[in-house]
Amino acid sequence: MASFAPVPPDSTGGENFNGSFLVTGGTKKFAGEIGSGLTGAAISADGSVVTFTLTGTIGKP
Amino acid sequence: MESPALASHALSPSDIGAIVFRVAPCGDACPRVTLKSFSAIGSGMPTGNDCSGSTDGQCSVTFSGTVKGSQIGKANVNGTLSVNHSDTARICLDSPDCNDQCFPASGTGVITTKNDGTITFGQDGLICPRTTRFDRR
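Note that the structure is a prediction, hence the values are computed from the model and not measured.

This part takes up the overall build of chain B. Across its full length, chain B holds two helices and six strands. Listing every helix and strand of chain B by position from the N terminus yields α-α-β-β-β-β-β-β. Of all 137 residues assigned to chain B, the portion counted as buried reaches 25%.

Looking only at helices and strands, chain A features zero helices and three strands. Split into buried and exposed, the 61 residues of chain A put 38% on the buried side. Nonlocal contacts in chain A, meaning residues at least 24 apart in sequence, comprise 37% of its contacts between residues at least 6 apart.

As paired strands, strand S3 (residues 49-60) of chain A and strand S1 (residues 34-46) of chain B are joined by 11 bridges and run antiparallel to one another. Residue pairing in the sheet places Thr55(A) in a bridge with Ser39(B) of S1(B). As judged from the seven bridges shared by S1(B) and strand S2 (residues 58-69) of chain B, these two strands associate in the antiparallel manner. Opposite Pro46(B), over in S2(B), you have Phe63(B) as the bridge partner.

For the rest of this paragraph, the subject is the nonpolar core. Among the nonpolar cores identified, the biggest contains 28 residues, and Val83(B), Ile111(B) and Ile127(B) are the most heavily contacted of them. Counting residues per element, the ones that place at least two in this core are strand S1 (15-27) and S3 of chain A together with S1, S2, strand S3 (73-84), strand S5 (101-113) and strand S6 (118-129) of chain B.

This part covers the environment of Val61(B). Along the chain, Val61(B) turns up in strand S2. It is 9.3 Å that separates the C-alpha atoms of Val61(B) and Gly107(B), two residues lying 46 residues apart in sequence.

Before going further, it helps to spend a moment on the confidence of the model for chain B. Residues and elements named next belong to chain B. When pLDDT is averaged along chain B, the result is 75, and 71% of the positions lie at 70 or above. For the stretch residues 1-9, pLDDT sits under 50, and the model shows one contact to residues farther than four places along the chain or on other chains. With pTM at 0.71, the complex prediction returns an ipTM value of 0.75.

A few words now on unusual backbone geometry. Residues and elements named next belong to chain B. Here Ser-95 and Pro-96 are connected by a cis peptide whose omega angle stands at 10°. Its location among the elements puts Pro-96 in the loop between strand S4 (91-92) and S5. Here the phi dihedral of Gln-71 falls at roughly 75°; this positive angle occurs in a residue that is not glycine. Here Gln-71 lies in the loop between S2 and S3. For Gln-71, a count of 15 C-beta atoms within 10 Å gives the class partly exposed. In this structure, Asp-116 is a non-glycine residue whose phi angle is positive, near 65°. Relative to the helices and strands, Asp-116 resides in the loop between S5 and S6.

Here we take up the environment of Gly42(B). Along the chain, the position of Gly42(B) falls in strand S1. When the 19 C-beta atoms within 10 Å are taken as the criterion, Gly42(B) is described as partly exposed. Apart from the residues within four sequence positions on either side, Gly42(B) is in contact with Phe52(A), Gly65(B), Thr66(B), Val67(B), Lys68(B) and Val77(B).

What counts, and where the lines are drawn
- Residues numbered from 1 in each chain as written.
- Chains lettered and ligands numbered in written order.
- Predicted model: local features only at pLDDT ≥ 70, side-chain atom pairs only at ≥ 80, totals over all residues.
- Helix = DSSP H or I, 4+ residues; strand = E, 2+ residues; numbered from the N terminus.
- Buried ≥ 20, exposed ≤ 12 C-beta atoms within 10 Å, placed from the backbone.
- Contact = placed C-beta atoms within 7 Å.
- Pairing = 2+ DSSP bridges.
- Core = buried A, V, L, I, M, F, W, Y, C linked by C-beta atoms within 7 Å.
- pLDDT = per-residue confidence, 0-100.

Structure, rendered in structure tokens:
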């Protein structure tokens, strides 16, 4: 059975991070924020540039 | 024998009403959760290892950049993703060849606003090839 270490992601060719983001806290104006979540977020890398897109909601108790 | 002090605090119908009032719902005093929509978009640079050359199945990627977001304006963002690229963790998109593969990744990040306020978050998802497959070595 062939065995090899899967190639780790790198910036060659670009890759996407797709997942969920969860707000876990903050300071100052956002000190009361709770983990209501940022969902549908993505981080993509193309060469040496990383782009950020975060969408969702933040909450304050 | 009952003491005068206890006797003066004997329960009456009005006392019972007062007790009930104290355990009643707090109404306007109750904590409320206010949710606001939030979005941010920006770009940055990897600040360290991009996982190239990692051979032990685990690697960590850091990134840093600026974002412009609702409620916060322009802000800085920093984050770390720990990637599990072990043989057992990978997800093959073109099984059984497995030239295209995704890896579980999770980590934390911090958005720092111009007033030095922060929003901290956790992130959990998959890193996958975008337009071309990962180079196979």
